[in-house]
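One letter stands for each residue in the lines below.
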Amino acid sequence: MTQQGVRRPADRVSALAPDAASRRTGSGLDERTEERTAKEREEEKQASGGPADPEAARRRAERREQRVTAGVTELEQRLADLLRGGLASAEQAGYAWWDETAARMVDAQAPGIAAKTRELGAIPASGPGWPARLLEECALLHLLAQGWLRRDRLPDALAATVRSRIGLPASADGPPLRDRWLVLAQYDTADPKLTVRRIWLHGTDSGRTRLLLSYGAAGRAPELSLPVGHTLEADLTVFPGAGQLRAALGERYAPPAPATTRPEGLSTAQAMARYGDALRDDPWLDTVPVTLEGVVPVPDERPGAWQLTDMEREGDSKTDPTADAALPLTPAFLARPGLWRLIALSGGTPLTVFGELGHRGFTPLTAWPAHPGAPVTLR
């Protein structure tokens, strides 16, 4: 970012090198995951054959926590051995060492750590600067492991976040929030086995932003679909955890209708401050949803790069550090047609843009023109 902002571990692996997970369809790791999942389903099926038994559920939860603790302790030892032997050994070992470590975490019923470990396996092949990136990601994994081992000393919300990052199941809790939810963006990501749909909503009355996740089998669209630029009056219930934005959709009171308003936005400097605040609550956060107001896309100093800068901001950068603030657009977005739709929509005039801000920059998802008009999806 052009202004000194929050520093988060450098480039996410999947954008830099082939995804190790996608190269292992049908591998021993997938078989372990399926075997463990099938076993858990069978246990739940047997448990559901009669009246609910809180004591049996408590014992199952304790057994799982014991397995996770054993797995996390082993992970800490493996990371210590890796650093003691030098990071060069990670390049020589290739994916095999990380595959085995991820499989051990699956056995320990810690799928979140297993997924993160698979990502680390791709870093040595990600190009120049990989040792620094690997060290940063190992540090975050170590932080997560220590959070789990010391979870009884953490505030309840942060402990819930650690459990979520470990991969333990959780249900939406708390009172539902009824609002008129503006659909900010909707997009799908897919792997060989699953399609995930992310839907960002903004409460027009509460001002809160929430995320809905919907899943479908590989090659099939998830069932839930909401049109961007429409509002939906409904109840949302959030999942536990510090700074968590994911919610579950509850009762709907009316079908989606075209919106007559657009979300209020922030400056680029305010957006970076929001990302920093979010990292304080969840150090493992990749991105935070942000709406920028009055920004224009302009070429960056780097060849082929673009950034969003505040159109109306004036001032002297020597006295006002936010005067020359700008957010670089992520490399992944620069490779998509959405970049040219964004540039054409602006034409040098300021826009309102919603997207996801992370350590690699800003990924625009939806833009509203300066004049009244329908939003334009960018992904």
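All of the points below concern the structure found in this document.

### With respect to the packing of aromatic side chains
For the structure shown, the criterion picks out three aromatic pairs. Taking 6.3 Å as the distance between ring centres and 80 degrees as the angle between the ring planes, the aromatic pair formed by tryptophan 306 and tryptophan 340 counts as edge-to-face. Taken together, the residues tryptophan 306 in strand S8 (residues 306–310) and tryptophan 340 in helix H10 (residues 338–346) connect sequence positions 34 residues apart. For the cation-ring pair, arginine 151 lies above tryptophan 148, with the distance from its terminal atom to the ring centre recorded as 3.9 Å. Of note, arginine 246 hangs over the ring of phenylalanine 239, and the distance from its end group to the ring centre comes to 4.2 Å.

### Looking at the pattern of salt bridges
This structure, assessed with the given rule, holds 18 salt bridges. Across the salt bridge formed by glutamate 55 and arginine 58, the nearest N and O atoms sit 2.2 Å from each other. With glutamate 55 and arginine 58 both in helix H2 (residues 54–85) and three residues apart, this pair spans about one turn of that helix. In this structure, aspartate 300 engages arginine 302 in a salt bridge whose closest nitrogen and oxygen atoms are separated by 2.8 Å. Given the relative accessible area of 16%, aspartate 300 is considered buried. Ionic contacts of the salt-bridge type, sharing partners, join the residues Glu55, Arg58, Arg59 and Glu62 into one network.

### Digging into the environment of glutamine 244
Following the sequence through the fold, glutamine 244 ends up in the loop between strand S4 (230–238) and strand S5 (247–252). On the accessibility criterion, glutamine 244 (19% relative accessible area) is buried. Note: C-alpha distance between glutamine 244 and leucine 211 (33 residues apart in sequence) is 9.2 Å. Setting aside its immediate chain neighbours within four residues, glutamine 244 contacts Thr161, Ser164, Phe239 and Asp282.

### Focus: helix H4 (residues 96–107)
The end-to-end C-alpha distance of H4, which contains twelve residues, comes to 17 Å, matching closely the 16 Å that a straight helix rising 1.5 Å per residue would cover. Where H4 ends, the next residue or the one after it, glutamine 109, has phi of about 60 degrees, a positive value.

Basis of the calculations
- Residues numbered from 1 in each chain as written.
- Predicted model: local features only at pLDDT ≥ 70, side-chain atom pairs only at ≥ 80, totals over all residues.
- Heavy atoms only, no water.
- Phe/Tyr/Trp six-rings, centres within 6.5 Å; stacked < 30°, edge-to-face > 60°.
- Helix = DSSP H or I, 4+ residues; strand = E, 2+ residues; numbered from the N terminus.
- Lys NZ or Arg CZ within 6 Å of the ring centre and 35° of its normal.
- Salt bridge = Lys/Arg side-chain N within 4 Å of Asp/Glu carboxyl O.
- Buried < 20%, exposed > 50% of the residue type's maximum accessible area, 1.4 Å probe, protein only.
- Contact = heavy atoms within 4.5 Å.
- Expected span 1.5 Å × (residues − 1).

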